[in-house]
Amino acid sequence: MPLSRELAEKIIYSIADGIRSFQRRMVVLCGLGEDKAEAAAQLVDMYVDSINRAPLMLYVIDSLDEGSVGVRQLKRFRETLRSELDFRTITYLDTESVMGLTYDILILDVVEELRPNDIGRLVETVRGGGFIVLLAPPLSSWVSNVTRFQRKLLVPPYSINDLKRFFTQRFIRKLKEHKGIWLVDLETGSVNYNEPIGARARESKLELPPSSLFPRELYSMAKTNDQIKVLLAMESLAKERKCILVLTANRGRGKSAVLGLGLAGLMDSAKGRLNVVVTAPSLYNVQVLFEFLKRALEELGMEYKEEKDKEGLTKVVQTQKGRVRYEEPYDAAFADARMVVVDEAAGIPVHLLLRIRKNFRKAVFSSTAHGYEGAGRGFTVRFLSALRKEGKAPLIEMSMREPIRYAHEDPIEAWLYDALLLDAEPAKVEAEPVSVVYEKADLEKWFTEREDELREFIGIYVLAHYRNRPDDVAMIGEAPHHFARLLRTSEGAIVTAIHLAREGGLDDDLIEQILAGFEPSGNVVPSIIVKYYPPYKYFAKYVGWRIVRIAVHPQFTDRGFGSLALQDLCDEARKEGVDWVGAGFGATRELLNFWIKNNFVPVHISPNRNPASGEYSVLVVRPLSRRAQKLVRVANNEFRLRLLNSLYDTYSDLEVEVAQLLLRSPHGTEEVKLGLSKSQKARLKSYVSGIVTYEVANDAIGKLVKAHFMLREGKRIKLDDVEERLLIAKCLQGRGWSDAAKACNFPPSKIKSAVRGIISRLWGGYGVEEA
């Protein structure tokens, strides 16, 4: 049943008011059957009549399978719609394909799917004067509705009835609280709407610079004065020998677009050929940049050729005056070009950003301050502070505040940031904490009564983690096996946040399925142990707590709060009868050192680097029960054996500091086991005696070095850090002499004699000749 004429006119009038104030509106249609689709079609028809043009519209459903609820709703919508409107339909799996595009109308079917990341990405495609429609379950039963996102959160032995639904309850409450949102219950006829305050007029007319290096046509393509200021700043990249531009903005400010315009200006003004590398967490992230680069080149009359990937995404734009190409973040750190542009930099780890920075004299780093692609606040705090300390090149810092798609006071943006906690901040702490208390988080109260604590908790992650997404908030508020712990000051401020997941306790059938190649959701640690160490598959029956994320308030890092929280957590887990505590993360020297010093033992490293972070993923476990201790000891020995025999191949590019930490262990063999042939022993003796070169005896040297690292640490010949790293780089990874020296920051002229000296000490210390 469609909306009453009176209600429909009120909704359209509020949307018309949004057109005048350049604001957006949202309509949430709650009900059963096809009533929602009919009501949505009614509103679209009335909107088309009121604006007297064909609007751009996007319709998003969970699945295009015939017979699905979403497809039935879509068919009814098409049948009811009288306007001859050609609109685009996609599934939630394809949301990345519309990033950077703009629509007047967005219809989201949230009955079968409501994933926070998708909501954040899609709502921001709607321009001021447009509106969003949510096709939702009946208001009375919405909380108990189950989406695909929620089903994916369920792991054995949990069922649908175990879902916490805290995030869903809060999501509905925020729809009721915020202005500019019509919440219509088609079952009861009830309506909730809060009228927003009209927006102020958009910023005054564009102030074009009196003179500029870039062509006037580029400045005329700018939509805001913020964009004009960024173009002027990008001119510095053409004038200066070294220069770094850091640009931050919230969503919808046009930062990617202006980067494309600026690159066209740099190409036009370049004296020679300009070769630029563009990088971002994914190729999708730079499509807006490439699109505006092409538009600007056309405006300037510059012919270009482009290359696309198999999905039709632009990856290279080339003109006679230069080339702009996309590289994945890790590859960008080693790419050959005059300049780099990093978009969505908040989605890339700080250590990799710094590595990219060192590879180029000129660089642009662009980041979203608050968004679903990554937490730009963490980027600002950690990366910018590192650049300021570095001081090796002129640093230009800019922020863009004026929205392009909608007005500054847009009520839907306010709702989105609140509902998804995109602007969460940690507690403000004035003084050093005198004492802290370890606590269990009451998530139900956080999502209902004590929202300020939820914001503090999530705010710590926003500042600490390079990849903080709305899905994480929903996960902790919905998944039955996810929970939280924290450290709180005596004044009540949260200074350490731990997000955890219960794992293990798997039955025999599921364990056998994992062995056969099945990858169950959740249960990360048990699945890895079963897959890589099949003889010890019964580990999956043990119950453990996996640390999903741990972070410390940015004011109090390096004070020991993280280690204190881990110790309290392990003490609690041991009392609760938990067998192990584990974690998975992208391996850096700093992170590995943190976990290892807290008695966590490496048991796995991924076979490939993460293309966005450039890191290998590592799994560490701290065994608590006696049975877990026995198995983890064996798993760690097996892990080191696999790593030692893979450094020459799979992990030949692994950072030597990371490899060194992975090979440290309280477990291992009690004595050296070499298995050298008589010939190998003789050549090894000749090498340590200075008679033959390294290359003559490298097979025997490799066996000796592997045997050294298989010993438990207390039984090893004492070597300093540099000596161990030289053995790893040269003898285990097989790097060339100069490359090995560079990897260890060691003088190349001294490395050969140093390695011979180290091997001589191992030869004598382990009694190889007598063995």
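Residues numbered from 1 in each chain as written. Predicted model: local features only at pLDDT ≥ 70, side-chain atom pairs only at ≥ 80, totals over all residues. Heavy atoms only, no water.

Caption draft 1: Molecular detail of the overall build of the protein chain. Scanning the protein chain from N- to C-terminus turns up 28 helices and 22 strands. Here the protein chain has a C-alpha radius of gyration of 29 Å; the compact-globule value for 771 residues is 28 Å, and the two agree. Based on the C-alpha atoms only, the size of the protein chain along its principal axes is roughly 100 × 65 × 55 Å. For the protein chain, buried positions account for 58% of its 771 residues. Long-range pairs, those at least 24 residues apart, make up 74% of the contacts in the protein chain between residues at least 6 apart in sequence. Accessible surface computed for the protein chain: about 31800 Å², of which carbon and sulfur atoms make up 49%. Between the mean site of the 110 positive side-chain charges and the mean site of the 103 negative ones, the protein chain shows a separation of 7 Å. (Helix = DSSP H or I, 4+ residues; strand = E, 2+ residues; numbered from the N terminus. Rg over C-alpha atoms; globule rule 2.2 N^0.38 Å. Buried < 20%, exposed > 50% of the residue type's maximum accessible area, 1.4 Å probe, protein only. Contact = heavy atoms within 4.5 Å. Areas by Shrake-Rupley, 256 points an atom, 1.4 Å probe, with all protein chains shown as cover. Lys, Arg positive; Asp, Glu negative; His and termini not counted. Charge placed at Lys NZ, Arg CZ, Asp CG, Glu CD.)

Caption draft 2: Representation of the nonpolar core. By size, the foremost hydrophobic cluster in this structure holds 97 residues, and its most contacted members are Ile547, Trp595, Leu654 and Ile759. Of the residues forming this core, the biggest block, nine residues, is contributed by helix α25 (residues 694-710). Setting aside residues up to four positions removed in sequence, isoleucine 547 forms contacts with Ile498, His499, Leu500, Leu566, Leu569, Val581, Gly582, Ala583, Gly584, Trp595 and Phe600. In terms of nonpolar packing, the next biggest core, distinct from the first, is built from 58 residues, Val110, Val123, Ile181 and Trp415 among them. (Core = buried A, V, L, I, M, F, W, Y, C linked by side-chain atoms within 4.5 Å.)

Caption draft 3: Seen up close, the packing of helix α6 (residues 166-177) against helix α17 (residues 470-478). As a packed pair, α6 and α17 sit with axes 6 Å apart at the nearest point and diverge in direction by 120°. Looking at the two axes, α6 sits oblique to α17. Here α6 contributes Phe166, Phe167 and Thr168 to the contact with α17, which in turn contributes Val473, Ala474, Gly477 and Glu478. (Axes fitted to C-alpha atoms, helices over the stretch in contact; angles between N-to-C directions. Parallel < 35°, antiparallel > 145°, perpendicular 65-115°, else oblique.)

Caption draft 4: Geometry of the sheet that holds strand β14 (residues 362-368). Across the sheet, eight strands lie side by side as β10-β11-β12-β9-β13-β14-β8-β15; this open sheet has mixed pairing. Looking along the sheet, the strands with just one partner apiece sit at the ends: β10 (305-308) and β15 (395-400). Neighbour-to-neighbour, the strand axes of the sheet open up by a mean angle of 15°, direction not taken into account. For strand β8 (residues 243-249) and β14, the ladder comprises seven bridges, and the chain directions are parallel. Across the sheet, residue threonine 248 finds its bridge partner in β14, namely serine 367. Against the sheet, helix α8 (residues 225-239) makes contact with β8, β13 (339-342), β14 and β15, and its axis sits at roughly 165° relative to β15, the strand it touches most. (Pairing = 2+ DSSP bridges.)

Caption draft 5: View of unusual backbone geometry. Each neighbour pair has its own omega, and for proline 156 with proline 157 the value is 10°, a cis peptide bond. Looking at the secondary structure, you find proline 157 in the loop between α5 (148-153) and α6. At arginine 165, a residue that is not glycine, the phi angle is positive and equals roughly 65°. Here arginine 165 lies in the loop between α5 and α6. Classification of arginine 165 by relative accessible area gives buried; the value is 13%. Its identity as a non-glycine residue notwithstanding, glutamate 344 has a phi of 50°, on the positive side. Positionally, glutamate 344 belongs in the loop between β13 and α12 (350-358).

Caption draft 6: Structural context of the pairing of strand β4 (residues 103-109). Burial runs high along β4: seven of the seven residues are buried. In the sheet, β4 pairs with strand β5 (residues 126-136) via six bridges, with the strands oriented parallel. In the strand pairing of β5, isoleucine 105 is matched with phenylalanine 131. Taken together, β4, helix α4 (residues 116-123) and β5 constitute a β-α-β crossover, and its handedness is right-handed. (Right-handed = clockwise from strand over helix to strand, strands pointing away.)

Caption draft 7: Fine view of the packing of aromatic side chains. Scanning the model with the defined rule gives 24 aromatic pairs in all. Feature note: the residues Trp142, Phe167, Phe171 and Trp415 constitute an aromatic cluster, connected by ring pairs. The ring of phenylalanine 483 carries the charged tip of arginine 502 above its face, separated from the ring centre by 4.2 Å. Lying over the aromatic face of tyrosine 461, arginine 549 brings its terminal NZ or CZ to 3.8 Å of the ring centre. (Phe/Tyr/Trp six-rings, centres within 6.5 Å; stacked < 30°, edge-to-face > 60°. Lys NZ or Arg CZ within 6 Å of the ring centre and 35° of its normal.)

Caption draft 8: View of the pattern of salt bridges. Considering all chains together, one arrives at 60 salt bridges under this definition. Across the pair lysine 174 and aspartate 418 runs a salt bridge, and its minimum N-O distance is 3.2 Å. With lysine 174 in helix α6 and aspartate 418 in helix α14 (residues 411-419), this residue pair connects regions lying 244 residues apart in the sequence. An identical accessibility class is assigned to lysine 174 and aspartate 418; each is buried. For the salt bridge of aspartate 423 with arginine 455, the shortest nitrogen-to-oxygen distance reads 3.3 Å. (Salt bridge = Lys/Arg side-chain N within 4 Å of Asp/Glu carboxyl O.)

Caption draft 9: Geometry of the side chain of lysine 164. Tracing the backbone through its elements, the reader meets lysine 164 in the loop between α5 and α6. Residue contacts for lysine 164: discarding those within four places in its chain leaves Gln169, Leu443, Ile476, Gly477, Glu478, Ala479, Pro480 and His482.

Caption draft 10: Representation of the pairing of strand β1 (residues 25-30) within the structure. Burial of β1 is extensive: six of the six residues sit out of reach of the surface. Here β1 shows no split at all, with Arg25, Val27 and Leu29 on one side and Met26, Val28 and Cys30 on the other all buried. With five bridges connecting them, β1 and strand β6 (residues 181-185) associate as parallel partners. Residue pairing for β6: cysteine 30 is matched across the bridge by aspartate 185.

Caption draft 11: Inspection of the sheet that holds strand β3 (residues 88-91) at higher detail. Read across the open sheet, the seven strands follow the order β3-β2-β4-β5-β1-β6-β7; overall the sheet is mixed. Two strands close off the open sheet at either side, each with one partner strand: β3 and β7 (191-192). Note that β6 and β7 share two bridges and pair antiparallel. Looking across to β7, one finds that valine 184 is bridged to valine 191. Across the sheet, helix α3 (residues 69-80) is in contact with β2 (57-61), β3 and β4; its angle to β2 comes to roughly 150°.

Caption draft 12: Spotlight on the environment of alanine 8. Note on placement: alanine 8 falls in helix α1 (residues 5-21). As a C-alpha pair, alanine 8 and glutamine 42 span 34 residues in sequence and 7.9 Å in three-dimensional space. Those residues in contact with alanine 8 that sit more than four places away from it in its chain are Leu3, Gln42, Leu43 and Met46.

Caption draft 13: Region of interest: the side chain of arginine 170. Structurally, arginine 170 is set in helix α6. At 2.9 Å, the side chain of arginine 170 and the backbone oxygen of alanine 419 are in polar contact. Beyond its immediate chain neighbours, meaning those up to four positions away, arginine 170 contacts Asp418, Ala419, Leu421, Phe447, Glu451, Leu454 and Arg455. (Polar contact = N/O pair within 3.5 Å; in protein donor to acceptor, adjacent residues only side chain to side chain.)

Caption draft 14: The packing of α8 against helix α9 (residues 255-269), seen in detail. Relative to each other, α8 and α9 sit at 35°, their axes nearing to 9 Å. In this structure, α8 crosses over α9, and the sense of that crossing is right-handed. Seen from α8, the contacting residues are Gln227, Val230, Leu231, Met234, Leu237 and Ala238; seen from α9, they are Ala257, Val258, Leu259, Leu261, Gly262, Leu263, Leu266 and Ser269. (Left-handed = near helix turned anticlockwise from the far one by under 90°.)

Caption draft 15: Spatial organisation of a positive patch on the surface. Residues Arg241, Lys242, Lys358, Arg361 and Lys392 make up a contiguous surface patch of positive charge. Within the secondary structure, arginine 361 sits in the loop between α12 and β14. (Patch = residues over 30% accessible without salt bridge, like charges linked within 9 Å, V, L, I, M, F, W, Y side chains within 5 Å.)

Caption draft 16: Quick peek at helix α20 (residues 561-575). In a regular helix each residue adds 1.5 Å, so 15 residues correspond to 21 Å; α20 covers 21 Å between its end C-alpha atoms and thus fits that length. Of all the residues in α20, the buried ones are Phe561, Gly562, Ser563, Ala565, Leu566, Leu569, Cys570, Glu572 and Ala573. One or two steps after α20, the chain reaches glycine 577, where phi turns positive at roughly 80°. (Expected span 1.5 Å × (residues − 1).)

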